[in-house]
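Observations on the model geometry
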Amino acid sequence: MSSRPAPLIPPRVRAVLVRVPFLVAAVRFVRRGPLARDRNLLITLTTLALVIGVLAAKVSTEWFSPSLLILVTLVGGLQLRLRSLIKLLVGVGLALGYIAITLGVSRIGLGLTVTVGFTTVLAVLMARTRGKLGVQGLRGDAMLLELRDRLKRQGELPPMPKDWGAKVVLKQAGGSSFGGDFLVSMRDGNSVEIALVDVSGKGVDAGTRALLLSGTFGGLLGSVDDFLPACNTYLHRQRGDEGFVTAVHLRLDLETGDYTITSAGHPPVVKFDAGTGNWQVASAKGVVLGVVPDLHCEPDSGTLRKGDALLLFTDGLIEQPGRDIDAGLDRLLGEAERLLPSGFRDGARALVNAMASGHSDDCALVLIWRP
């Protein structure tokens, strides 16, 4: 048997309420239409603005200051659609006009007038932006936060066996939450795949495209044998010129330590050889993604033994204005020889901080080692 939920209003109370004049019509009006919330908030804010205007003019400007209309305008800019906001601004203007007529223009003051005008422009801009996004209130900001958190979670490496170590360091330009460098990875049994991608630009400008590509590249990783050619095919089909994309792909066997590196216009991967104590530059190379229809990569392969490590990074770590990239790579290897042998896990962050000091650019580093 199915039981109906208990009504919110008892039947006897409902029978009394429906006899109140205009109450049923008012409730239906409040609930009517998909934009009821926007309409009800507009009515509330407009009424509040007019009440503030009347009380300020008739009672006291100290208790009911005209500056309260600034708060009403800001709330409207954050919550109302642009068309509704315009109606609210008319109500705010009527309230200010009534105060000025009743008490004189001098009681409003030039400072308050300029502040209300600036707040009005700001509110219109906020409402217009939200209108383009098709969201209400602060939902647009919440969506960006969700996308940022998803990108961060996707950039985390999968759990590694106890006889392996890994560290990821992402540093976005200007301390932004978004940037053009991102990481996608996956593990299938004893095999792990990692792709470090660099979208042209930096900071928030490149972050929007990085958010889009991270989902696409994450879906391709592990689903196709030739990861970078598949990414290149996808980018080559896209219309428009939105800048270049470089990437490096690592496929690593966690049981044997065998690895294969493919690169598409990305800075070279470097390997630490515990036997010699030197860093060696991998020979993998290829064309930037999306430039040619068929991407041909020259892979590099090898084996990680006890004490060895692989270092993947983006060009923000070695590229500086007025300095050759090769010089930046030499500096990176020098800093790596000084910082990393004492402890790969702690040295990764110190290496990024040392290389990124003095310039603002997106930086990413992935360090995998075999203790």
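The structure we're discussing is the one just above.
Residues numbered from 1 in each chain as written. Predicted model: local features only at pLDDT ≥ 70, side-chain atom pairs only at ≥ 80, totals over all residues. Heavy atoms only, no water.

Let's talk about the nonpolar core
Nonpolar side chains in soluble globular proteins generally cluster together in the buried interior. Stated precisely, the cut-off is as follows: Take the buried Ala, Val, Leu, Ile, Met, Phe, Trp, Tyr and Cys residues and link them wherever side-chain atoms come within 4.5 Å; each set so joined is a nonpolar core. Type-normalised accessible area, obtained with a 1.4 Å probe on protein chains alone, sets the label of each residue: buried when under 20%, exposed when over 50%, and partly exposed for intermediate values. To qualify as a helix, a DSSP run of H or I must reach at least 4 residues; to qualify as a strand, a run of E must reach at least 2; elements of each kind are numbered from the N terminus. When checking whether two residues touch, look at their non-hydrogen atoms; a contact exists if any pair is within 4.5 Å.
By size, the foremost hydrophobic cluster in this structure holds 26 residues, and its most contacted members are Leu317, Leu351 and Leu367. Secondary-structure elements contributing two or more residues to this core are β6 (270-273), β9 (309-313), α10 (325-339), α11 (344-356) and β10 (363-369). The biggest single contributor to this core is α11, with 7 residues. The residues contacting Leu317, other than those within four sequence positions of it, are Leu332, Val352, Met355, Cys363 and Leu365. Judged by nonpolar contacts, the second largest core, of 23 residues, contains Ile52, Ile99, Ile108 and Leu112.

Some thoughts on the packing of helix α3 (residues 36-58) against helix α4 (residues 68-79)
Applicable threshold: Every angle, taken between N-to-C directions, lies between 0 and 180 degrees, and every axis is a line fitted to C-alpha atoms, over only the stretch in contact when it is a helix. Angle categories: roughly parallel below 35 degrees, roughly antiparallel above 145, roughly perpendicular from 65 to 115, and oblique for all the rest.
Two elements in contact, α3 and α4, have axes whose closest approach is 10 Å; the angle formed by their N-to-C orientations is 170°. The pairing of α3 with α4 is recorded here as roughly antiparallel in orientation. The residues of α4 that touch α3, namely those facing Arg37, Asp38, Leu41, Leu45, Leu48, Ala49 and Ile52, are Leu68, Leu69, Val72, Val75, Gly76 and Gln79.

Topic: the sheet that holds strand β2 (residues 181-188)
Within a beta sheet, neighbouring strands are joined by backbone hydrogen bonds and run either parallel or antiparallel to one another. Let me state the cut-off plainly: If DSSP finds at least two bridges between two strands, the strands pair.
Within the open sheet, the 5 strands sit side by side as β2-β3-β4-β5-β8. Their pairing is antiparallel. Across the chains shown, the open sheet's two edge strands, defined by having one partner strand only, are β2 and β8 (300-303). Neighbour to neighbour, the strand axes of the sheet diverge by 15° on average, direction disregarded. Bridging between β2 and strand β3 (residues 191-199) involves 8 bridges; their strand directions are antiparallel. Paired with Phe182 across the two strands is Val197, which belongs to β3. The strands touched by helix α9 (residues 227-237) are β3, β4 (245-253) and β5 (258-264); relative to β4, the strand with the most contacts, the crossing angle is about 155°.

Considerations on the packing of aromatic side chains
How we decide: Pairing of aromatic rings covers Phe, Tyr and Trp, the last counted by its six-membered ring, and requires centre-to-centre distances within 6.5 Å; plane angles under 30 degrees mean stacked, over 60 mean edge-to-face, and any other angle means tilted.
For the coordinates displayed, the defined rule picks out 3 aromatic pairs. Judged by centre distance (6.2 Å) and plane angle (45°), the ring pair of Phe182 and Phe217 falls under tilted. Within this pair, whereas Phe182 is found in strand β2, its partner Phe217 is found in helix α8 (residues 203-220), the two being separated by 35 residues in sequence. For Phe182, a relative accessible area of 1% gives the class buried. Centre to centre, the rings of Phe217 and Phe227 are 6.2 Å apart; their planes meet at 85°, and the pair counts as edge-to-face. Of this pair, Phe217 sits in helix α8 while Phe227 sits in helix α9, and the two are 10 residues apart along the sequence. Overall, the relative accessible area of 0% leaves Phe217 in the buried class. Classification of Phe227 by relative accessible area gives buried; the value is 2%. Aromatic rings pair up to connect Phe182, Phe217 and Phe227 into one cluster.

Some details on the pattern of salt bridges
Applied cut-off: Between Lys or Arg on one side and Asp or Glu on the other, a salt bridge is scored when a side-chain nitrogen of the former is within 4 Å of a carboxyl oxygen of the latter.
Taken as a whole and assessed by the stated rule, the structure comprises 1 salt bridge. Ionic pairing is found between Glu193 and Arg251, a salt bridge with its closest N-O pair at 3.5 Å. In this pair, Glu193 is assigned in strand β3 and Arg251 in strand β4, connecting sequence segments 58 residues apart. A residue is classified by how much of its surface remains accessible, and Glu193, at 8% relative accessible area, is buried.

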